[in-house]
Amino acid sequence: MRPLLYSINVTLDGCVHHNAIPEDEALQQATLRATHRHATESISRADALLFGRTTYQMMEGAWRLATRTTPPADWQLPFARTIDAMQKHVVSRTLERVDWNSELVRGDLEAAVRALKQQPGKALLTGGVQLPLALAALDLIDEYEFVVQPRIAGHGPTPFAGLASYVELKLVDRIELSSGAMALRYEPRR
């Protein structure tokens, strides 16, 4: 069975808003470059992505190469090419159709994700906030990665708000990025 990996950028105080990065331009560039290098390495561990509607639309707007109005920076190209080419599974009750190497996932979430995990291949990778909350509640996530950015946001969305029960984790890897961010990988204690 292929594992379901979860990865998210988070500030020290738990904010997961995609714009919660340093405002200083030199620090911002160092953070973005280091984060994109790490994201490219993380995403290459999987051969398919599992997104909710909001994350799918955000990623499509940012990384779908055929529809971008400006090309990505040279340092963004490895990530852009990787995510653009990957198979995407989109969980949504409201979207009528998807493209960009994508298919809609409808019906019983647990059964659908278990079926995806049974398919041959490498890992499935997910991100975002709402879908991972539902996946964690169903105990479907096999690895959690938090890329902790050296910043305090003071506001914004946090992951897993409203989770009904604890998820006990054990640290399996720790990577310090050149920007000062830390990538912390955990597996559930089952």
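We now turn to the structure provided with this report. (Residues numbered from 1 in each chain as written. Predicted model: local features only at pLDDT ≥ 70, side-chain atom pairs only at ≥ 80, totals over all residues. Heavy atoms only, no water.)

1. A short note on the side chain of Asp142
Part 1 of the argument: Take Asp142: it is sitting in the loop between α5 (130-137) and β6 (143-149).
Part 2 of the argument: Residue classification places Asp142 among the buried residues on the basis of a relative accessible area of 18%.
Part 3 of the argument: Among the polar contacts made by the side chain of Asp142, one reaches the side chain of Lys117 at a distance of 2.7 Å.
Part 4 of the argument: With residues near it in sequence (within four places) discarded, Asp142 still touches Arg2, Pro3, Leu4, Lys117, Tyr186, Glu187, Pro188 and Arg190. (Helix = DSSP H or I, 4+ residues; strand = E, 2+ residues; numbered from the N terminus. Buried < 20%, exposed > 50% of the residue type's maximum accessible area, 1.4 Å probe, protein only. Polar contact = N/O pair within 3.5 Å; in protein donor to acceptor, adjacent residues only side chain to side chain. Contact = heavy atoms within 4.5 Å.)

2. Points about the pairing of strand β7 (residues 169-176)
Part 1 of the argument: As paired elements, β7 and strand β8 (residues 182-188) share seven bridges and run antiparallel to each other. From the neighbouring strand, Ile175 faces β8, where its bridge partner is Ala183.
Part 2 of the argument: Between β7 and β8, which pair antiparallel in sequence order, lie five residues; one of them, Gly180, sits at a positive phi of approximately 100°. (Pairing = 2+ DSSP bridges.)

3. With respect to unusual backbone geometry
Part 1 of the argument: At Trp100, a residue that is not glycine, the phi angle is positive and equals roughly 65°.
Part 2 of the argument: Mapped onto the elements of the fold, Trp100 is located in the loop between β3 (87-91) and β4 (102-105).
Part 3 of the argument: Look at Trp100 and you get buried, because its relative accessible area is 4%.
Part 4 of the argument: Non-glycine residue Phe160 carries a positive phi angle of around 65°.
Part 5 of the argument: Along the chain, the position of Phe160 falls in the loop between β6 and β7.
Part 6 of the argument: Judged by its relative accessible area of 17%, Phe160 falls in the buried class.

4. Brief notes about helix α3 (residues 77-85)
Part 1 of the argument: Along α3, the residues classified as buried are Leu77, Phe79, Ala80, Ile83 and Asp84. Here the buried residues of α3 occupy an arc of 160° about the axis, which is enough to place them on one side. Away from the buried face of α3 by more than 90 degrees, exposed residues Arg81 and Ala85 are located. (Arc of directions from axis to C-beta.)

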